[in-house]
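# Summary of the model geometry
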Amino acid sequence: MAAKNRGSLCMVTYNDAQYISDCLHALKEYVDEVIIADIGSSDQTVELAGSAGADVYQYDWGKSFSEARNFCMDRACGRWVLFLQADESISAEHLKNLRSLLKNPNVEGYLFYYDNSTHAQGIFSPNSRLRLIRNRKEYRYRYRAFELLPDEQIASIQNANIAIGRRGGGPSWDADMRIRLLDTDIAEHPMDPYIHYMYGIRLFNEGKFAESIDCFKKARHGLNTDYVYAPHLYKCLGWALLYLQRYQEAREILDQGIGSFALYTDLLVLRGEVYNQLGMYKESIRDLKQ
């Protein structure tokens, strides 16, 4: 980058030796520093990252991905912070757009969308993720399993139109860990809509559709429709109802969702399928065309 201290890449690593060198090499022209919190790698992750110029910290893992992110941000000097995992990638074409994002004075954060084309079927959340933010001390991540920067803390968020892909074919090292930590989150935050939303996704992916519906409905109580994950919550609830052939209820939920998020076309696709199941073929075609 022409201006130094513009961007910091922050990562949490654990036995990522097979990915770390390629990841850092791909991003070296686009960030001014790399901050890594390693939570106990037993392979060559730390050595390889250090050789690539990263500032590597042996992080005392407190079973919280949010605390690990906050740890990295506290040590980052860049005006912007980009969060990635070692097994994640951004195409060279999309990386070219990164520089222009950092020049916009009216934006506090950017959503990157996740490319799930190489994953097994299921729900992945959220479809868009806040990965690039201004480095402000007041921005602090919350929750152990699926870290979130609360919408009340940060405004002026835009879509970056940048996709995050995966380098590996199997699940990431953090997948099972996050699922286990979600049990702790639900115990610590029994009334939190975001935690119920995430727990509902877990149950959905386990095939427990009725239980997932209960969680999604709890998440809707007190939900602010300005939340980044709000449209995806409606999609998840509508999808679960569709699986259980509760078509009329699914239609009502999707009507509400489309009323609030007219540009989130996944809801139209789902409602089109609901109309199809109800024999309302003209309405189904209309939604799918739209």
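Reading the values: the criteria
Residues numbered from 1 in each chain as written. Predicted model: local features only at pLDDT ≥ 70, side-chain atom pairs only at ≥ 80, totals over all residues. Heavy atoms only, no water. Axes fitted to C-alpha atoms, helices over the stretch in contact; angles between N-to-C directions. Helix = DSSP H or I, 4+ residues; strand = E, 2+ residues; numbered from the N terminus. Parallel < 35°, antiparallel > 145°, perpendicular 65-115°, else oblique. Left-handed = near helix turned anticlockwise from the far one by under 90°. Contact = heavy atoms within 4.5 Å. Nonpolar A, V, L, I, M, F, W, Y, C, P; charged D, E, K, R; others polar. Expected span 1.5 Å × (residues − 1). Buried < 20%, exposed > 50% of the residue type's maximum accessible area, 1.4 Å probe, protein only. Pairing = 2+ DSSP bridges. 1 Å grid on protein atoms, 1.4 Å probe; cavity = no way out; pocket = protein on both sides within 12 Å on 5 of 7 lines; lining within 4 Å. Points joined across faces, edges and corners; volume = space filled by probe spheres on them. Phe/Tyr/Trp six-rings, centres within 6.5 Å; stacked < 30°, edge-to-face > 60°. Lys NZ or Arg CZ within 6 Å of the ring centre and 35° of its normal. Salt bridge = Lys/Arg side-chain N within 4 Å of Asp/Glu carboxyl O.

## Points about the packing of helix H9 (residues 230-243) against helix H11 (residues 266-277)
One way to put it is that H9 packs onto H11 with a least axis distance of 10 Å and a crossing angle of 20°. It follows that H9 is roughly parallel to H11 by the angle criterion. Read as a crossing pair, H9 and H11 show a hand that is left-handed. Residues Pro231, Tyr234, Lys235, Gly238, Trp239 and Leu242 of H9 form the contact with H11, whose own contacting residues are Asp266, Leu267, Leu270, Glu273, Val274 and Gln277. Residue composition of the contact of H9 with H11, grouped by class: seven nonpolar, two polar and three charged.

## Description of H11
With 12 residues, H11 extends 17 Å between its outermost C-alpha atoms, agreeing within 8% with the 16 Å of an ideal straight helix rising 1.5 Å per residue. All of the buried residues along H11 are Leu267, Leu268, Leu270, Arg271, Gly272, Val274 and Tyr275.

## Quick look at the sheet that holds strand E7 (residues 128-134)
With mixed pairing, the eight strands of this open sheet are ordered in space as E3-E2-E1-E4-E7-E6-E8-E5. Of all the strands in the sheet, the pair left with one neighbour each is strand E3 (55-58) and strand E5 (88-89). Strand direction decides the pairing type here: strand E2 (residues 33-38) and E3, joined by four bridges, are parallel. Looking across to E3, one finds that alanine 37 is bridged to tyrosine 57. Seen against the sheet, helix H1 (residues 17-27) touches strand E1 (7-13), E2, strand E4 (80-83) and E5 and runs at an angle of roughly 170° to E1. Sheet strands in contact with helix H3 (residues 65-75) are E1, E2, E3, E4 and E7, and its direction is about 145° off that of E2.

## Description of the environment of aspartate 55
Note on placement: aspartate 55 falls in strand E3. With 18 residues separating them along the chain, aspartate 55 and alanine 37 place their C-alpha atoms 8.7 Å apart. Excluding residues that lie within four positions of it along the chain, aspartate 55 makes contacts with Glu33, Val34, Ile35 and Ile36.

## Section: empty space enclosed by the protein
Throughout the structure, instances matching the rule amount to one cavity of 30 Å³ or more. Taken as a whole, the largest cavity holds about 40 Å³ of empty space. Lining the largest cavity are 11 residues, with Gly7, Val31, Leu82, Leu102 and Leu132 positioned closest to its centre. Secondary structure elements with two or more residues in the lining of the largest cavity: E1 and E4. A per-element tally of the lining of the largest cavity places E4 first, with three residues.

## Focus: the packing of aromatic side chains
Considering all chains together, one arrives at 18 aromatic pairs under this definition. Taken together, a centroid distance of 5.4 Å and an interplanar angle of 90° make the contact between phenylalanine 204 and tyrosine 243 edge-to-face. Taken as a pair, phenylalanine 204 in helix H7 (residues 193-205) and tyrosine 243 in helix H9 lie far apart in primary sequence, 39 residues in all. Phenylalanine 204 sits in the buried class, given a relative accessible area of 5%. Joined through ring pairs, the aromatic side chains of Tyr143, Tyr194, Tyr197, Tyr227 and Tyr229 make up one cluster. The ring of phenylalanine 83 has arginine 69 sitting right over it, with the charged end atom 4.4 Å from the ring centre. Of note, arginine 69 hangs over the ring of tyrosine 141, and the distance from its end group to the ring centre comes to 5.0 Å.

## Side note on the pattern of salt bridges
Using the criterion set out here, one finds 19 salt bridges in the structure. Salt-bridge contacts for arginine 144 lead to glutamate 188; the nearest nitrogen and oxygen are separated by 3.2 Å. Here arginine 144, found in the loop between E7 and strand E8 (157-166), pairs with glutamate 188, found in helix H6 (residues 174-188); they are 44 residues apart in sequence, far enough to count as distant. Arginine 144 gets classed as partly exposed once you look at its relative accessible area, which sits at 23%. Its relative accessible area of 41% is what places glutamate 188 among the partly exposed residues. Note that arginine 202 is salt-bridged to aspartate 183, the shortest N-O span being 2.8 Å. Of this pair, arginine 202 sits in helix H7 while aspartate 183 is found in helix H6, placing the two residues 19 residues apart along the sequence. According to the relative accessible area criterion, arginine 202 is buried, its value standing at 17%.

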